[in-house]
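Summary of the model geometry
If you want the building blocks of each chain, they are given just below.
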Amino acid sequence: MIKWGEAIRNQDPGYFCRHAIQQSCAKSKRIWIVSDARRKTDIEFFKTNYPDETYTVRINASDVVRQKRGWNYAKGVDDCESECGLDDYNQWNLEIYNDNDEQMLEGIQKVFLSTKITVSDSFMYIGLGLPFRKSTEVGLDPLSEGGSDMEKEGLVCAG
């Protein structure tokens, strides 16, 4: 599966980005949250096609915390582009640290303060890591269901 995906990306780096947008009907939403961007070509796709709307966020956790959460480094997996292709990317609009709940909450607050996202906005979650899974509409308030026919005005690209 990885070789198949890499072959497609080598021919057309934006293939999975376009497919995820189309499959999720994202163009009908005001805000998109794109998770699991793993390659510079993913970021470049959104910055090229949506230059005024793209806002990039990097979420980091230390290896110690990641290991406590169950992650174990695997040579041949964790050193591949799909896992570390953005590690040297340094043009993020915002970096969030996620070693504990307080850091993550502070980071989320920074996203809200530095963008025009409000808890009443509806938005589209687009998962690039699983391009053939149907993405679902979610709301920022876990108790509410979003939904809007407004045109997209913002894009949050999180990797």
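In what follows, the structure referred to is the one given above.
Residues numbered from 1 in each chain as written. Predicted model: local features only at pLDDT ≥ 70, side-chain atom pairs only at ≥ 80, totals over all residues. Heavy atoms only, no water.

Attention now moves to the environment of Tyr55. With respect to the secondary-structure elements, Tyr55 resides in strand E2 (residues 54-60). Distance from Tyr55 to Trp92, taken between C-alpha atoms, is 7.9 Å for residues 37 residues apart in sequence. Among the polar contacts listed, one links the side chain of Tyr55 to the side chain of Ser114, at a separation of 2.5 Å. (Helix = DSSP H or I, 4+ residues; strand = E, 2+ residues; numbered from the N terminus. Polar contact = N/O pair within 3.5 Å; in protein donor to acceptor, adjacent residues only side chain to side chain.)

Turning to helix H6 (residues 101-114), a few remarks are in order. Helix length check: H6 (14 residues) gives 20 Å between terminal C-alpha atoms against 20 Å at 1.5 Å per residue, within 8%. Those residues of H6 lying buried are Met104, Gly107 and Val111. The buried residues of H6 occupy an angular sector of 60° when the element is viewed end-on, so they sit on one face. Along H6, the residues that are exposed and aim more than 90 degrees away from the buried face are Asp101, Glu102 and Leu113. (Expected span 1.5 Å × (residues − 1). Buried < 20%, exposed > 50% of the residue type's maximum accessible area, 1.4 Å probe, protein only. Arc of directions from axis to C-beta.)

By the element assignment, Ser62 lies in the loop between E2 and helix H4 (63-68). Residue classification places Ser62 among the partly exposed residues on the basis of a relative accessible area of 28%. As a C-alpha pair, Ser62 and Tyr97 span 35 residues in sequence and 8.5 Å in three-dimensional space.

With that settled, the discussion passes to the packing of aromatic side chains. The tally for this structure, following the rule as stated, stands at seven aromatic pairs. Taking 5.0 Å as the distance between ring centres and 85° as the angle between the ring planes, the aromatic pair formed by Tyr15 and Phe16 counts as edge-to-face. Look at Tyr15 and you get partly exposed, because its relative accessible area is 29%. Take Phe16: its relative accessible area is 5%, and that puts it in the buried class. With centroids separated by 5.0 Å and ring planes inclined at 90°, the aromatic side chains of Phe45 and Phe46 adopt a geometry described as edge-to-face. Of the aromatic side chains, those joined through ring pairs into one cluster are Trp32, Phe45, Phe46 and Tyr50. Of note, Arg66 hangs over the ring of Trp71, and the distance from its end group to the ring centre comes to 4.0 Å. (Phe/Tyr/Trp six-rings, centres within 6.5 Å; stacked < 30°, edge-to-face > 60°. Lys NZ or Arg CZ within 6 Å of the ring centre and 35° of its normal.)

One turn of an α-helix holds 3.6 residues; hence residues three or four places apart share an orientation. Within helix H3 (residues 40-49), the full set of buried residues consists of Asp42, Ile43, Phe45 and Phe46. Axial view of H3: buried residues confined to an arc of 155°, hence all on one face.

On to the pattern of salt bridges, then. All told, the structure shown has 11 salt bridges when counted by the stated rule. Here Asp88 ties to Lys40 by a salt bridge, and the two come within 2.5 Å at their closest N and O atoms. Linking Asp88 in the loop between helix H5 (81-84) and strand E3 (94-97) with Lys40 in helix H3, this pair joins segments that are 48 residues apart in sequence. Residue Asp88 is classed as exposed on the basis of its relative accessible area, which comes to 57%. Classification of Lys40 as partly exposed rests on a relative accessible area of 31%. A salt bridge links Asp63 to Arg66; its shortest N-O distance comes to 3.3 Å. You can see Asp63 and its partner Arg66 sitting in helix H4, three residues apart, about one turn around the helix. Through salt bridges with shared partners, a single ionic network connects Glu6, Arg9, Arg39 and Glu81. (Salt bridge = Lys/Arg side-chain N within 4 Å of Asp/Glu carboxyl O.)

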